[in-house]
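One letter stands for each residue in the lines below.
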Amino acid sequence: MRGMKHLLLLAVFVILARCQQKPQVSMSPKLEEIYSGDLFFLRCDNSASGSTVKWYFNDMEQTLTTETWKIGVAAPKHSGSYQCESNGQKSDAFPIVVSDYAPIASLTIKTGQPVVRTGGSVVLQLDNEDGLQGWNCWVYRNGLTRMIKLRLAKDSVNVAFQPHRLTDPETIFWCSDTQKRRSNQITVRTSVKDISLEMYPLPAVVGESLTLKCLVWGTDQISRAVFYKDNVIILEGHNPIYQIPNVTESAKGNYKCDATYTHKGRTAGLPYKYVSDVQDVFVQVPPMKAVLSANGGLSCSCRLCPGDRSYRWYHKTDGQPWALMDSRQEFMMPKASGTYACRAVWNTMRSLLSNGYVFSDRPPITSILIGGAVVPMILALAVAVGCYVYYRKRNTTSPIYEDMPLRSRDKGDDQYEKLQKGAQRGGEYDTLQPEAPGRQKKDGEYEALKKDEMTGGEYHTVRLAGAVGGEGGYEALKKEGMTGGEYHTVRIEGAVGGEGGYEALKKEGMKEGVYHSLGMPGAGGGE
């Protein structure tokens, strides 16, 4: 009986001790260093069952009264001192420091979606530019943390792995090594519904875009989709995609969607309509980012970053991922065409990738066009100058021939004014000048007929080779108005017509003169 009393007293003392024990703040999953964008939980341990819990941040009481405080997306503003109070007792301060940088390694979803059906899985990939020797990955779900051992090849810088089937509503993955270096986190959620709200697995970033998709397992035949934020409709229509082009702090909240859909094999009946699970959208201010500038080369800078840093340079072409370059200096000269970017790097962390710069090792198209236009212009100008010089050399004297326009007549059928002998007007008509200044007559040229200087009025016709007489032949010589003179016919080789090939000479109306006929070699008849 006395022993029973001692046991009861001991139990009372244990209960009193527990009630009087100070609460403590703990964090899960336990992270050696917290980076911008991390997800973690703060828990008030040793709190009295059923009692109200109060939370303090930097000695300021918060409105939260639950035993667990979820920090969905860590940011530098969350750095400070945390306390909880239960049953009138306040815990010791729990300090948290959130780095405004990204972790040194990268963890991504290689295959799958950030929201999977219960019992499904994904394939994750870990990348570290400095190698993965000594690295392992971790999984946190339902309050427990377990290790995923990686199978690594020698000198590998990336590895892909698949965790076990996922059954918990939310699972957090990350990787680390023995030197307190780690990767970012990836959060994968599950749903038992046929419809899900799909989003990027990392938190939304202020200033960037965010895309939400309303997906249905097994079909894309969605005829209508409605998006909700905090149970208020924000978009409805035929497009199952909702996009925020420029994210702000106001974008954070609870999102869901409902879809009206059918399957390809369904030939009858009404379409289906269901609502997805609610997904939390967290928004973060972007971590520290490097800046790339081009001035005679490419320069990488990070004005607010701490010292003792190096730089990494990256290059990519269209449709290809970023490739790490060998350069580790602040300044570099690009060689190959493509897009360049850089970041600042420390032992355990790094800045975000800088802005991209597009470089081309070919001359700009404007230079090609200008060059292609200038060269022909220069050649054309040279040809024009050469022609001008040549023309000037050939035309040092006055022109021998000159074309002059003829004035049309206002009356007459031929519409041209006849030349008036000895009465040229204003130099409108010019005759050919075979004996131009500086030019002597050559043998075989024809001398202009000058009637004014003729004493005997001699006329000569031009010798025609092969003339056939009749139309188109030569014009008969006429002696009208002549007082005297000799007529001579031109010797015609092979002339046809008339006996012996001679044209009869007429002396009608002539007072004096001697008639001579020209001998024609080969003419038939006569001596």
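As shown above, the structure is provided for reference.
Our subject in this report is the structure included herewith. (Residues numbered from 1 in each chain as written. Predicted model: local features only at pLDDT ≥ 70, side-chain atom pairs only at ≥ 80, totals over all residues. Heavy atoms only, no water.)

**Quick notes on the sheet that holds strand β3 (residues 40-45)**
Pairing is antiparallel in the open sheet, where three strands are placed in the order β1-β3-β6. The two strands at the open ends of the sheet, each matched to only one other strand, are β1 (24-28) and β6 (68-71). Across this sheet, the average inter-strand angle for adjacent strands is 20 degrees, counted without regard to direction. One ladder, built from five bridges, connects β1 with β3; its direction is antiparallel. The residue bridging S26 from the neighbouring strand is R43, located in β3. (Pairing = 2+ DSSP bridges. Helix = DSSP H or I, 4+ residues; strand = E, 2+ residues; numbered from the N terminus. Axes fitted to C-alpha atoms, helices over the stretch in contact; angles between N-to-C directions.)

**Considering the pairing of β3**
Across four bridges, β3 lies against β6 in antiparallel orientation. Each residue of the ladder has a partner; that of F41, found in β6, is K70.

**Overview of the pairing of strand β30 (residues 291-294)**
Note that β30 and strand β31 (residues 298-301) share four bridges and pair antiparallel. Of the residues in β31, the one forming a bridge with S293 is S299. Between the antiparallel neighbours β30 and β31 lie three residues, among them G296 with a positive phi of about 75 degrees.

**Looking at the packing of aromatic side chains**
Applying the stated criterion to the full structure yields nine aromatic pairs. A ring pair is formed by F57 and Y82, whose centres lie 4.7 Å apart and whose planes are at 40 degrees; its orientation type is tilted. In this pair, F57 is assigned in strand β4 (residues 53-57) and Y82 in strand β7 (residues 80-86), connecting sequence segments 25 residues apart. The same class applies to F57 as to Y82, namely buried. Plain terms: the ring middles of F227 and Y242 are 5.8 Å apart, the flat faces sit at 35 degrees to each other, and that makes the pair tilted. One end of the pair, F227, is in strand β23 (residues 221-229); the other, Y242, is in strand β25 (residues 241-244), and 15 residues separate them in sequence. Each member of the pair, F227 together with Y242, is buried. A connected cluster of aromatic rings, assembled from ring pairs, spans W55, F57, W69 and Y82. Lying across the ring of Y56, K90 places its NZ or CZ 3.9 Å from the centre. It is K256 that lies over the ring of Y228; its NZ or CZ is 5.4 Å from the centre. (Phe/Tyr/Trp six-rings, centres within 6.5 Å; stacked < 30°, edge-to-face > 60°. Buried < 20%, exposed > 50% of the residue type's maximum accessible area, 1.4 Å probe, protein only. Lys NZ or Arg CZ within 6 Å of the ring centre and 35° of its normal.)

**With respect to the pattern of salt bridges**
In this structure the tally under the stated criterion is 12 salt bridges. Between E67 and R43 there is a salt bridge, with the nearest N and O atoms lying 2.8 Å from each other. Of this pair, E67 sits in the loop between β5 (60-61) and β6 while R43 sits in strand β3, and the two are 24 residues apart along the sequence. A salt bridge links R189 to E170; the shortest N-O distance between them is 3.5 Å. (Salt bridge = Lys/Arg side-chain N within 4 Å of Asp/Glu carboxyl O.)

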